[in-house]
Amino acid sequence: MRFDKREFILKDGRRCVLRPAVPEDAEALIEYMKKTAGETPYLLRYPDEVQYTAEAERELLQRFLDDPGTVMLTAEVDGQLAGNSSIGGVGGKRKVRHRCSLAIALYQAYWGLGIGRAMIGYLTELARQIGYQQIELGVFADNARAAALYRKCGFTESGRVHRAYRLEDGSWHDEILMYREI
Ligand SMILES: CC(C)(COP(=O)(O)OP(=O)(O)OC[C@H]1O[C@@H](n2cnc3c(N)ncnc32)[C@H](O)[C@@H]1OP(=O)(O)O)[C@@H](O)C(=O)NCCC(=O)NCCS
């Protein structure tokens, strides 16, 4: 969906802009997905699993803009992409259409500046506007930074998926499921 851009001041005094991702962001977002996948083990993909072409990514971003139930939000600092977060419906059937799921990541250089909190705050407002009544997400059980952020944003733990992730170093990681009624 389309929505207004919003600006706020980071903990280090710089200005951050939250705005809808548009097809022109395709190349920067592909680069961002590859780099962030290598900066943290807590995203679903490995860098080589980011295989979108610029054309496919542009089409996807256009579909997200046109879809009234999807929010694809980017954060920019000094005109540079810092991160991205999104919400999308869990399903269109009447029994589940009150639920949406949230995803979020930032380049490591922008962690700890308050961008995550601001993005979730804005996404929550937009989710309410759309008509969702619950936001859900899953997080690696050992991802303390993300779990702390979600708790501060009002999310509650609802369950745990045993050995949800297996990393290439052979380690297993549970997934914590969280939700927030809105
Ligand atoms: C998770 C992520 C999006 C958080 O965004 P962020 O902008 O760094 O988070 P914020 O700065 O807004 O807030 C983090 C909060 O958690 C706190 N925090 C950070 N690490 C913490 C820890 N180990 N234990 C407790 N609290 C912690 C911070 O102090 C901050 O609280 P405050 O706002 O009261 O100061 C970001 O670190 C990231 O992109 N990580 C890699 C990708 C990822 O893990 N994505 C989530 C997948 S589920």
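Parameters and conventions
Residues numbered from 1 in each chain as written. Predicted model: local features only at pLDDT ≥ 70, side-chain atom pairs only at ≥ 80, totals over all residues. Pairing = 2+ DSSP bridges. Helix = DSSP H or I, 4+ residues; strand = E, 2+ residues; numbered from the N terminus. Axes fitted to C-alpha atoms, helices over the stretch in contact; angles between N-to-C directions. Contact = placed C-beta atoms within 7 Å. Parallel < 35°, antiparallel > 145°, perpendicular 65-115°, else oblique. Nonpolar A, V, L, I, M, F, W, Y, C, P; charged D, E, K, R; others polar. Near = placed C-beta within 6 Å.

J.: Looking at this structure, I do not really get the sheet that holds strand 5 (residues 99-106). What am I missing?
T.: Read across the sheet, eight strands follow the order 1-2-3-4-5-6-8-7 without closing on themselves; strand pairing throughout is mixed. Edge positions in the sheet fall to strand 1 (6-9) and strand 7 (156-166), since each has one partner strand and no second. Within this sheet the neighbouring strands show an average axis-to-axis angle of 25°, counted without direction. Bridging between strand 4 (residues 80-89) and strand 5 involves seven bridges; their strand directions are antiparallel. Residue pairing in the sheet places Ile87 in a bridge with Leu102 of strand 5.

J.: I tried to follow the environment of His173 on my own but got confused; where do I start?
T.: With respect to the element layout, His173 can be found in strand 8 (residues 172-181). A C-alpha to C-alpha distance of 9.9 Å links His173 and Val139, two positions 34 residues apart in sequence. Sequence-distant contacts of His173, that is, excluding residues within four places in its chain, are made with Phe140, Ala141, Asp142, Ala164, Tyr165 and Leu167.

J.: I'm lost on the packing of helix 1 (residues 26-39) against helix 2 (residues 54-66) in this one. Help?
T.: The angle between the axes and the distance between the axes are what describe a pair of packed helices. The N-to-C vectors of helix 1 and helix 2 enclose an angle of 105°; their axes lie 9 Å apart at closest approach. The angle between helix 1 and helix 2 falls in the class roughly perpendicular. Taking contact as the criterion, the partners of Ala26, Glu27, Leu29 and Ile30 in helix 1 are, on helix 2, Ala54, Glu57, Arg58 and Leu61. The residue inventory of the contact of helix 1 with helix 2, partitioned by class, reads five nonpolar, no polar and three charged.

J.: Even after reading the chapter, I still don't get the site of the ligand, so can you show me in this structure?
T.: In the region of the ligand, 21 residues are neighbours, and Gly116, Arg117, Arg145, Ala146 and Ala148 sit closest. Residue assignment for the shell around the ligand shows that the elements contributing at least two residues are strand 5, helix 3 (115-130) and helix 4 (144-152). Residue contributions to the shell around the ligand peak at six residues, all from helix 4. When its residues are assigned to classes, the shell around the ligand shows 13 nonpolar, five polar and three charged.

Nothing here speaks to function; it is all geometry.
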